[in-house]
Amino acid sequence: MLGKIRDFSKSVDKLYLLLCITCSALSVLTLISWCMFNMPETYSFFNRYHDAIVQAFAAGMGLVMALIISRMDYHTMASLWPLHAGVAWGMVLLTFLRMGPFGYAPAGTENYSWIVLPAGLSIQPTEIAKISFIITFALHLSKVKEELNRPAVLWRVLLHWAAPVLLIHFQGDDGTAIIFFLIGAFMIFAAGLSYKYILAVIGVALITSPLWGPFLWDKMGAYQQNRILALFDPDAYDETMYQQKRGQISIGAGRITGRGLFSPDHHNVPESNNDFIFSYLSEALGFIGSMAVILLLAALIVKTFATGLRAPDSLGGYICVGIAGIFFSQTLINLGMNLVLLPVIGVTLPLFSAGGTSVLTMYLSIGVVLSVYKGSKKTLFYD
């Protein structure tokens, strides 16, 4: 038994796990503080601290699942792609029904991407689909890597990339669609897509922008257009910019050391438990705490890329690049929203924002990275 524990300890990336656990612990503490001062005292303990309890439970269960997945061979996960892809995308398709528990949209959104579960819980299938997409796309790229830049091969890869992006766009969750697009971009670039294709696409896009630009703009909803326009003229869109302006004030109010995590003296920011949790953290912990959060996430991104670089094969490498793409793109967009550099598009801050599905998905992804790490350790020391 001791030998098995010792072998397991040697094969797991302990620093990577420590970074993840630190993020989750800080998230739960922040949500306890948020629930304490933003939920009615008359609520029962569970209802008042619902977000913090769900976050802690999801992180704990996710950690256990990550450790279990880390013992699996990622090649086996890839070979089982029909199973996990069928389940994940089957659930996504159920949201198009928009009836009963399927296709639920939270209040104030037009995002019908949720499935309601018993006990007041819900699940967002597109979060689970991220992992399946990364594994299947990595498998596809690993099989065609030597011929990727052949047109007959490339168009199939591009179709594999575009299909989930378009499906999620039609579902109404453009924020998640953008994340899928960026994940695919990271992976196909890592696979060696020729610069001539990249430059050609950029050139054609710029030349034809007077044609597709107005068409794309007209296809946006009025609220989406306003969110973009508001960035250039905030005073003309006070109602649209309310959340971001409040978040900006909250971030500035934290100054250097913050007002304290369990202080009642916080500005009211809509969704400060979720998409705008960074503004709450910034006010509580100040500039020092804000930088600590950014450095924690940056370290996770670097560690994920590093695991991909030392992976024993291209499949493991592409998987890690895709998962690093989740961390990087969601962190960049979420911080951009909070700092009023990007429009609000409903993207969570990885491991920090409230949301059981999001946290579980990240830990499942972490488990896959640990599986690749375990494979690289075997290659280095046992083969």
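Okay, so let's go over this structure. Predicted, not measured: the structure shown is a model, and the values here were computed from it. Every chain is numbered independently, its residues counted from 1 as its sequence is written. Under the rules for a predicted model, residues below a pLDDT of 70 receive no local features and side-chain atom pairs below 80 are neither given nor counted, while totals for whole chains, interfaces and linings still include all residues. Heavy atoms throughout the structure, all of them, feed into the side-chain values; hydrogens and water do not.

### What to know about unusual backbone geometry
Phase 1: Positive phi values are uncommon outside glycine, yet Glu271 reaches one of about 65°.
Phase 2: A run of H or I in DSSP becomes a helix once it reaches four residues, and a run of E becomes a strand once it reaches two; helices and strands are each numbered from the N terminus. Relative to the elements of secondary structure, Glu271 occurs in the loop between helix 12 (238-253) and helix 13 (277-309).
Phase 3: Under the relative-accessibility criterion, Glu271 is labelled partly exposed at 42%.
Phase 4: In this model, Val340 sits at a positive phi of 60°, which is unusual for a non-glycine residue.
Phase 5: Considering the arrangement of structural elements, one finds Val340 in the loop between helix 14 (314-338) and helix 15 (356-381).
Phase 6: Exposed residues in this analysis have more than 50% of their type's maximum accessible area, buried residues have under 20%, and partly exposed residues fall in between, with area computed by a 1.4 Å probe over protein chains only. According to the relative accessible area criterion, Val340 is buried, its value standing at 18%.

### A look at the sheet that holds strand 2 (residues 114-116)
Phase 1: Should DSSP find at least two bridges between two strands, the strands are regarded as paired. With antiparallel pairing, the three strands of this open sheet are ordered in space as 1-2-3. In the strand order of this sheet, the two ends are held by strand 1 (102-104) and strand 3 (122-123), each with one partner.
Phase 2: Here two bridges tie strand 1 to strand 2, and the two strands are oriented antiparallel to one another. Following the sheet pairing, Tyr104 is matched in strand 2 by Trp114.

### Quick word on the nonpolar core
Phase 1: Here, nonpolar core refers to any group of buried Ala, Val, Leu, Ile, Met, Phe, Trp, Tyr and Cys residues whose side-chain atoms link them within 4.5 Å. Leu141, Leu148, Met187, Leu300, Phe327, Leu351 and Phe352 are the most contacted members of the largest nonpolar core, which has 88 residues in total.
Phase 2: Top contributing element to this core by residue count: helix 14, with eleven residues.

### Observations regarding helix 4 (residues 50-70)
Phase 1: Taking 1.5 Å per residue, 21 residues should reach 30 Å; helix 4 reaches 29 Å between its end C-alpha atoms and fits that length.
Phase 2: Among all positions in helix 4, only Asp51, Ala52, Val54, Gln55, Ala58, Ala59, Gly62, Ala66, Ile69 and Ser70 are buried. Buried positions in helix 4, seen along its axis, are confined to an arc of 150° and lie on one side of it. Exposed positions of helix 4 whose direction lies more than 90 degrees from the buried face are Phe57 and Ile68. The length a helix should cover is 1.5 Å for every residue beyond the first. This arc corresponds to the set of directions leading from the helix axis out to the C-beta atoms.

### Considerations on the packing of aromatic side chains
Phase 1: Any Phe, Tyr or Trp ring, taking Trp's six-membered ring, that has another such ring centre within 6.5 Å forms a pair; planes under 30 degrees apart are called stacked, those over 60 apart edge-to-face, and the others tilted. Going through the model one piece at a time under the given rule, you end up with eight aromatic pairs.
Phase 2: Between Phe186 and Phe328, the ring centres sit 5.6 Å apart and the planes meet at 80°, which makes this aromatic pair edge-to-face. Linking Phe186 in helix 9 (residues 174-190) with Phe328 in helix 14, this pair joins segments that are 142 residues apart in sequence.
Phase 3: By relative accessible area, Phe186 is classed as partly exposed at 25%.
Phase 4: Between the aromatic rings of Phe189 and Tyr195, the centroid separation amounts to 6.2 Å while the plane-to-plane angle is 80°, which identifies the pairing as edge-to-face.
Phase 5: An aromatic cluster is defined as three or more aromatic residues linked by ring pairs; in this entry it consists of Trp89, Phe133, Phe137 and Phe180.

### Focus: the environment of Asn38
Phase 1: Assignment of secondary structure puts Asn38 in helix 2 (residues 14-38).
Phase 2: Overall, Asn38 belongs to the partly exposed group, its relative accessible area being 34%.
Phase 3: Between the C-alpha atoms of Asn38 and Ala253, which are 215 residues apart in sequence, the distance is 18 Å.
Phase 4: Only heavy atoms matter for contacts: two residues are in contact if any of them lie within 4.5 Å across the pair. Other than its neighbours up to four places away in sequence, Asn38 contacts Asn268 and Tyr280.
Phase 5: Distance and chemistry together define a polar contact, namely a pair of N or O atoms within 3.5 Å, with one atom able to donate a hydrogen and the other to accept it when in protein, and with adjacent residues in sequence counting only for side-chain atoms on both sides. At 2.8 Å, the side chain of Asn38 and the backbone oxygen of Trp34 are in polar contact.

### A word on helix 14
Because the α-helix completes a turn every 3.6 residues, residues three or four places apart line up on one side.
Phase 1: Counted at 1.5 Å a residue, the expected span for helix 14 with its 25 residues is 36 Å, and the 36 Å between its end C-alpha atoms agrees.
Phase 2: Across the 25 residues of helix 14, 23 count as buried, placing the element largely inside the fold.
Phase 3: Backbone geometry just downstream of helix 14 places Val340 in the positive-phi region, at approximately 60°.

### A short note on the packing of helix 7 (residues 125-144) against helix 8 (residues 151-171)
Phase 1: Axes, fitted as lines to C-alpha atoms, cover a helix only where it is in contact. Angles between the N-to-C directions of the axes lie from 0 to 180 degrees. Contact pair helix 7 / helix 8: the axes reach a minimum separation of 10 Å and the direction vectors enclose 170°. Taken together, the axis directions place helix 7 and helix 8 in an arrangement best described as roughly antiparallel. The segment helix 7 lies against helix 8, with Thr126, Phe133, Thr136, Phe137, His140, Leu141 and Val144 engaging Val153, Arg156, Val157, His160, Trp161, Pro164, Ile168 and Gln171.
Phase 2: The residue makeup of the contact of helix 7 with helix 8, split by class, is nine nonpolar, five polar and one charged. Any angle between 65 and 115 degrees counts as roughly perpendicular, while under 35 counts as roughly parallel, over 145 as roughly antiparallel, and the rest as oblique. Each residue gets one of three labels, nonpolar for Ala, Val, Leu, Ile, Met, Phe, Trp, Tyr, Cys and Pro, charged for Asp, Glu, Lys and Arg, and polar for the others, Gly among them.

### Topic: the packing of helix 7 against helix 14
Phase 1: Taken N-terminus to C-terminus, the directions of helix 7 and helix 14 make an angle of 140°; their axes are 8 Å apart at the nearest point. The angle between helix 7 and helix 14 falls in the class oblique. Between helix 7 and helix 14 lies a crossing whose hand is right-handed. Between helix 7 and helix 14, the contacting residues are Lys130, Ile134, Ile135, Ala138, Leu139, Leu141 and Ser142 on the first element and Ser314, Leu315, Tyr318, Ile319, Gly322, Ile323, Ile326 and Gln330 on the second. In a left-handed crossing the near helix is turned counterclockwise from the far helix by less than a right angle, and in a right-handed crossing that turn is clockwise.

### A word on the pattern of salt bridges
Phase 1: By definition here, a salt bridge exists when the distance from a side-chain nitrogen of Lys or Arg to a carboxyl oxygen of Asp or Glu is within 4 Å. Tallied over the full model, the rule gives seven salt bridges.
Phase 2: Between Arg150 and Glu147 there is a salt bridge, with its nearest N and O atoms 3.2 Å apart.
Phase 3: A relative accessible area of 43% places Arg150 in the partly exposed class.
Phase 4: Linking Asp265 and Arg259 is a salt bridge whose minimum nitrogen-to-oxygen distance equals 3.2 Å.
Phase 5: Its relative accessible area of 45% is what places Asp265 among the partly exposed residues.
Phase 6: On the basis of relative accessibility, which here comes to 32%, the residue Arg259 falls in the partly exposed class.
Phase 7: Because the salt bridges share partners, they merge into one network encompassing Asp235, Asp238 and Lys245.

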